[in-house]
Amino acid sequence: METDKPGIMDGKVASFLSASLKGISQVILIENVITGLLILIAIMISSVYLGVIAFLSAVIGTLVGKFGGANEESINQGLLGYNSVLTGMALALFINGSYTWIIALAGAAVAAIFTAAMMHFMKNTEIPILTFPFIVLTWFILLAAYKLKALTLSSSLVPQDLTHWELNITGKVNLLDGIFHGIGQVFFLDNTMSGILIFIAVFWGGRKLGLYAVIGNAAAIIIAYVLGGEHALIVLGLYGYNAILTIIAVSAVFKNQHHRYALQSGIIAACLTVPITAGLSAWLLPYGLPALTMPFVLATWLFLGARKVMPNL
Amino acid sequence: METDKPGIMDGKVASFLSASLKGISQVILIENVITGLLILIAIMISSVYLGVIAFLSAVIGTLVGKFGGANEESINQGLLGYNSVLTGMALALFINGSYTWIIALAGAAVAAIFTAAMMHFMKNTEIPILTFPFIVLTWFILLAAYKLKALTLSSSLVPQDLTHWELNITGKVNLLDGIFHGIGQVFFLDNTMSGILIFIAVFWGGRKLGLYAVIGNAAAIIIAYVLGGEHALIVLGLYGYNAILTIIAVSAVFKNQHHRYALQSGIIAACLTVPITAGLSAWLLPYGLPALTMPFVLATWLFLGARKVMPNL
Amino acid sequence: METDKPGIMDGKVASFLSASLKGISQVILIENVITGLLILIAIMISSVYLGVIAFLSAVIGTLVGKFGGANEESINQGLLGYNSVLTGMALALFINGSYTWIIALAGAAVAAIFTAAMMHFMKNTEIPILTFPFIVLTWFILLAAYKLKALTLSSSLVPQDLTHWELNITGKVNLLDGIFHGIGQVFFLDNTMSGILIFIAVFWGGRKLGLYAVIGNAAAIIIAYVLGGEHALIVLGLYGYNAILTIIAVSAVFKNQHHRYALQSGIIAACLTVPITAGLSAWLLPYGLPALTMPFVLATWLFLGARKVMPNL
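Being a predicted model, the structure only gives us computed values, none of them experimental.

Peer 1: Any chance you could explain unusual backbone geometry here in plain terms?
Peer 2: The general pattern is negative phi for most residues beyond glycine and trans for most peptide bonds. With phi around 65°, A:Phe188 is a residue other than glycine that occupies positive phi space. Structurally, A:Phe188 is set in the loop between α8 (175–185) and α9 (192–205). Of note, the phi angle at B:Leu292 is positive, near 50°, even though the residue is not glycine. Structurally, B:Leu292 can be placed in the loop between α13 (262–284) and α14 (294–307). Residue class for B:Leu292 comes out buried when judged on its relative accessible area of 4%.

Here is the structure:
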């Protein structure tokens, strides 16, 4: 109906780029192009290779969505991209070898299909799928490395036998390091500079979100310290990143006016990610798999599900 | 609208107490204050500490339900309490240390939130959630003990390697011990006196229920013996408690007039808890986790789900 | 209302026989009496005992459906039988001992109940249950063998520790062997003659289905070879049978006209069964369990679910 004006093509490219960058920002539950761009820079600071993989994964996820005929609105919100971003990055980090990038990008494509499938399977529950597809897909591919010669596991992943497991919590804890590493760990980054930049990206998405991120992270670090979590993991931010995502999800993004105690619920949920992270890590020890963002997914599902029956939460 | 009469406050306390005691009786699928009270006494006989934990857990579960704004009818039926009772007791028993009671009661609170979440997630299936939240929550916290210094696992839980596993079924089997221990094991009790008292509590809840409990337990013990289950476990009632719960659920509590073969189905389901218990225990061996009431949950879901498609069962 | 004519009884027997043979053909997603009969002969060629178990299991599954009051149409399509066929055969093969046949046939009966339950639990998703009941039931019973003296695991199932796991992919690969063994492995058969007969049975069910089976199988074998899968497993067809079932399901049986890229989707899904098989096998290694048709179920659910959100797939 409309006449083809110059700039329409640019408009399509711009809208595609916007969807892809939102795919990056949706990893922390924010739909915002600038937030996505800031995070991309934060990743690039740590590793240009990883940044390229992250961006291409977002593009691939968005493409699969368009090609498969997914709902335009979902695609434009970046909802077909964020699981691809995380999957691509995780595979690039945990799988060694010269063809890793192919596996990472293939994984990003499958992540988008998995995202669509989970959207269907959880539709009736009215609960968001979060990063479940990324987690399960990454676990599967890492496990597959034990049986396929072409995939070599990073040496950081070592299966351990629970019958010989000894807990060692010695080491100093620096709260500030823990806090900035926590937010960075959402994107597998443990340098302080990237952490600060991602914090800024969250604040850009909403001042409240940034504040909640600080609160959730601090609460989890304190709980992890009190319960005697491994200090090395606390400093690396590994007890914090799930708490950040959880409080943002429970207290802000998926909250409505019925939820009178949303902030309190979010703080409790953030604290619960600590025993969930510990329990899940123990369960994964014999396989040498990382917990990824599963503690966030479980704690958030717990509270979002409970809210449907207990509306005050 | 009504004038405040003396006794209203008493009424509230009484109704709260009633909901809490029903939370205890709902563990065996019965909604009855006296049954709850008799069970509480049975627990106290075995250990006053455990009895106090059980009661406080029921109270906490009910409080979380009220505070969260759950449906009043569900709360009054004790449906927000029974998973809390079991979680509090299990943590008090399987976690060592002087602050165990705090962990047990915190676990009881989370169990109520988990119960609400599961009610939502299973709403469309029209199948009851049973004790699923208690089981999964307890497994998670026990696993977390491997990674958190503040939690110490009871020495009765030892991870074992399937590659070195040897089955040893020697030992005498005393059917009567097995029967009374079976019902007691629902509440982690293995003394005969408590078992007898809980049997009385079940009969108080309904003569049929008591009779079914005897039948299901006997069937399971015989099957466990024939299939060559470990005699030590049979005597402790560990092959019986799931069968008791299952036959009560399948043949009585969740039965309606369409189900022509409800008793036969319940007996078969009770027998199936034996291989399910064995299989699940083998799966949990490397983690040193107990099967808890998961065989009951699985066998009951199996038959209640099948009934929706095969209405004669 | 009608008068009893001679032949009615024959009609009932014939319809019952038809439902049972369709139960065998439904294992490869085909509803066709002749296909079922050809497969039964293929099994008999390999082992008469196994053929008898397969047929009796189909009969038992159908009987349980009738007895339980399941929908007549489902029963007549063989939908209550195929999980029983696979369960009976798997137990006959993986459990040793003189009473194995009783366990196999009891397992077949339970498989039909599990099938009904899963039909109910997945009804709202509008996604078929496939062979999920057979897989989970068989895993449970094999695990139970570690704890029950009466069940002895076949020596082919050995639990292995991932901490000491070494991948060995040496050995020659013969593509033709891989192809005929692949289709046979759906029924646990690894002789070439049976494989050829089952291929004929598939072609009888539909020329397109046979063609797709060849394509899916070849694609998976190539991917398995490129990714460095164990050559011994490729030759045995263990990287192919899931791909065959998957492409038949995704590209033919559960396809409708909206799915523009159904063949491409099926080929991708078939290729995905390779990393899924590898990952699942690694996960099952510590338990010594076979992957069975779980990779098919997961890859097919992935694409059928995704299609509901991305209708082009």
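Peer 1: I tried to follow the UniProt feature "transmembrane region" (unreviewed entry) in chain A on my own but got confused; where do I start?
Peer 2: Residue and element names in this part refer to chain A. When the UniProt feature table is mapped onto this chain, "transmembrane region" (unreviewed entry) is found at residues 37–65, 101–122, 129–148, 179–202, 209–227, 233–254, 261–278 and 284–304. With 97% helix and 0% strand, residues 37–65 has end C-alpha atoms that lie 21 Å from one another. Structurally, residues 233–254 comprises 73% helix and 0% strand, and the distance from its first C-alpha atom to its last is 29 Å.

Peer 1: Sorry if this is basic, but what is going on with empty space enclosed by the protein here?
Peer 2: A water-sized probe rolled over the atoms picks out the places where empty space is left. Scanning the entire structure with this criterion turns up two cavities of 30 Å³ or more. Size it by volume and the largest cavity reaches roughly 200 Å³. In terms of lining, the largest cavity is formed by 17 residues, of which the most central are A:Asp161, A:Pro286, B:Pro286, C:Asp161 and C:Pro286. Taken as a whole, the second largest cavity encloses approximately 30 Å³ of empty space. Taken together, A:Leu86, A:Phe134, A:Gln185, A:Val186, A:Phe188, A:Tyr241, A:Leu292 and A:Thr293 make up the full set of residues lining the second largest cavity. Tallied by class, the residues present in the lining of the second largest cavity amount to six nonpolar, two polar and no charged.

Peer 1: How should helix α5 (residues 82–94) of chain C be read in this particular structure?
Peer 2: An α-helical turn contains 3.6 residues, so any two residues separated by three or four positions project in the same direction. All names here are of chain C. Spanning 13 residues, α5 covers 18 Å between terminal C-alpha atoms, matching the ideal 18 Å at 1.5 Å per step. Most of α5 is tucked away: twelve of the 13 residues are buried. Here α5 has its buried residues at Tyr82, Asn83, Ser84, Val85, Leu86, Thr87, Gly88, Met89, Ala90, Leu91, Ala92 and Phe94.

Peer 1: Is there a simple way to think about the packing of aromatic side chains in this case?
Peer 2: Each aromatic ring pair is summarised here by two numbers: the centre-to-centre distance and the angle between the ring planes. All names here are of chain C. Throughout the structure, instances matching the rule amount to 18 aromatic pairs over all chains. Note on Phe199 and Phe203: the rings are 6.4 Å apart at their centroids and 35° apart in plane angle, and the pair reads as tilted. Highlighted residues: Phe199 and Phe203, both in helix α9 (residues 192–205), separated by four residues, approximately one helical turn. Relative accessible area serves as the criterion here: at 5%, Phe199 is assigned to the buried category.

Peer 1: Mind showing me how you'd approach the interface of chain C and chain A here?
Peer 2: Accessible area lost during the coming together of the parts is what is often quoted as the interface size. Chain C puts 41 residues into the contact, and the matching count from chain A is 31 residues. For the pair chain C and chain A, the summed buried surface comes to about 3,100 Å²; carbon and sulfur atoms form 75% of the total. Considering only the surface of chain C that becomes buried against chain A, C:Leu162, C:Val309 and C:Met310 emerge as the three largest contributors, covering 19% of it. There are one salt bridge connecting chain C and chain A. In this structure, A:Lys147 and C:Glu230 form a salt bridge, with 3.0 Å as the shortest nitrogen-oxygen distance. On the surface where chain C and chain A come into contact, there are ten residue pairs in polar contact (both at pLDDT 80 or more).

Peer 1: Help me out: how do you make sense of the packing of helix α10 (residues 207–226) of chain B against helix α12 (residues 241–253) of chain B in this one?
Peer 2: The description of two helices packed together rests on the angle between their axes and the distance between the axes. Residues and elements named next belong to chain B. Closest axis-to-axis distance for the α10/α12 pair is 8 Å, and the angle between their directions is 130°. When the axes of α10 and α12 are compared, the pair comes out oblique. For the crossing formed where α10 meets α12, the hand is right-handed. The segment α10 lies against α12, with Leu209, Tyr212, Ala213, Ile215, Gly216, Asn217 and Ala220 engaging Ala243, Ile244, Ile247, Ile248, Ser251 and Ala252.

Peer 1: Looking at this structure, I do not really get the relation of the copies chain B and chain A. What am I missing?
Peer 2: What relates the pair of chain copies is a rotation about an axis plus a shift along that axis. Aligned on chain A, chain B shows an RMSD of 0.0 Å; the corresponding rotation is 120° and the shift along the axis is 0.0 Å. One copy is carried onto the other by what is essentially a three-fold rotation axis. With a heterologous cut-off of 20% or less, the 13% of interface residues of chain B that recur at the interface of chain A puts this contact in the heterologous class.

Peer 1: In this structure, what is going on with the interface of chain B and chain A? I would like to understand it.
Peer 2: If you look at the interface, chain B gives 31 residues, while chain A gives 41 residues. In total, chain B and chain A occlude about 3,100 Å² of area from one another, counting both sides; carbon and sulfur atoms represent 75% of this. Contact with chain A buries area across many residues of chain B, yet B:His120, B:Lys147 and B:Tyr287 alone supply 23% of it, more than any other trio. At the junction of chain B and chain A, the tally comes to one salt bridge. Our count for the chain B to chain A interface comes out at ten residue pairs in polar contact (both at pLDDT 80 or more).

Peer 1: Mind showing me how you'd approach the nonpolar core here?
Peer 2: Nonpolar side chains in soluble globular proteins tend to be buried together. By size, the foremost hydrophobic cluster in this structure holds 347 residues, and its most contacted members are A:Phe187, B:Phe187 and C:Phe187. With twelve residues, the top contributor of residues to this core is helix α6 (residues 100–122) of chain C. Sequence-distant contacts of B:Phe187, that is, excluding residues within four places in its chain, are made with B:Ile24, B:Val27, B:Ile28, B:Ile39, B:Ile43, B:Met89 and B:Ile198.

Peer 1: Any chance you could explain the pattern of salt bridges here in plain terms?
Peer 2: Pairing of side chains with opposite charge becomes possible as their charged atoms draw close. All names here are of chain B. One pass over the full model with this rule turns up twelve salt bridges over all chains. As a salt-bridge pair, Lys308 and Glu126 come within 3.5 Å of each other at their nearest N and O atoms. One end of the pair, Lys308, is in the segment after α14; the other, Glu126, is in the loop between α6 (100–121) and α7 (132–144), with 182 residues separating them in the sequence.

Peer 1: I tried to follow the relation of the copies chain C and chain A on my own but got confused; where do I start?
Peer 2: Turning chain C through 120° and shifting it by 0.0 Å along the axis lays it on chain A, with an RMSD of 0.0 Å. Interface overlap between copies is the fraction of interface residues in one copy that are interface residues in the other; for chain C against chain A it is only 10%, indicating separate surfaces.

Peer 1: Quick question: what am I supposed to make of the packing of helix α8 (residues 175–185) of chain B against helix α9 (residues 192–205) of chain B here?
Peer 2: All names here are of chain B. Closest axis-to-axis distance for the α8/α9 pair is 8 Å, and the angle between their directions is 70°. With respect to α9, the axis of α8 lies roughly perpendicular. Our pair here, α8 against α9, has a crossing hand that is left-handed. Mapping the contact onto sequence places Asp177, Ile179, Phe180, His181, Ile183 and Gly184 in α8 and Thr192, Gly195, Ile196, Ile198, Phe199 and Val202 in α9. Residues that form the contact of α8 with α9 fall into these classes: seven nonpolar, four polar and one charged.

Cut-offs used in this document
Residues numbered from 1 in each chain as written. Chains lettered and ligands numbered in written order. Predicted model: local features only at pLDDT ≥ 70, side-chain atom pairs only at ≥ 80, totals over all residues. Heavy atoms only, no water. Helix = DSSP H or I, 4+ residues; strand = E, 2+ residues; numbered from the N terminus. Buried < 20%, exposed > 50% of the residue type's maximum accessible area, 1.4 Å probe, protein only. UniProt positions renumbered as here; feature names shortened; annotations may be inferred. 1 Å grid on protein atoms, 1.4 Å probe; cavity = no way out; pocket = protein on both sides within 12 Å on 5 of 7 lines; lining within 4 Å. Points joined across faces, edges and corners; volume = space filled by probe spheres on them. Nonpolar A, V, L, I, M, F, W, Y, C, P; charged D, E, K, R; others polar. Expected span 1.5 Å × (residues − 1). Phe/Tyr/Trp six-rings, centres within 6.5 Å; stacked < 30°, edge-to-face > 60°. Contact = heavy atoms within 4.5 Å. Buried area = accessible area lost by both parts, 1.4 Å probe. Salt bridge = Lys/Arg side-chain N within 4 Å of Asp/Glu carboxyl O. Polar contact = N/O pair within 3.5 Å; in protein donor to acceptor, adjacent residues only side chain to side chain. Axes fitted to C-alpha atoms, helices over the stretch in contact; angles between N-to-C directions. Parallel < 35°, antiparallel > 145°, perpendicular 65-115°, else oblique. Left-handed = near helix turned anticlockwise from the far one by under 90°. Least-squares fit on C-alpha atoms with pLDDT ≥ 70 in both. Core = buried A, V, L, I, M, F, W, Y, C linked by side-chain atoms within 4.5 Å.

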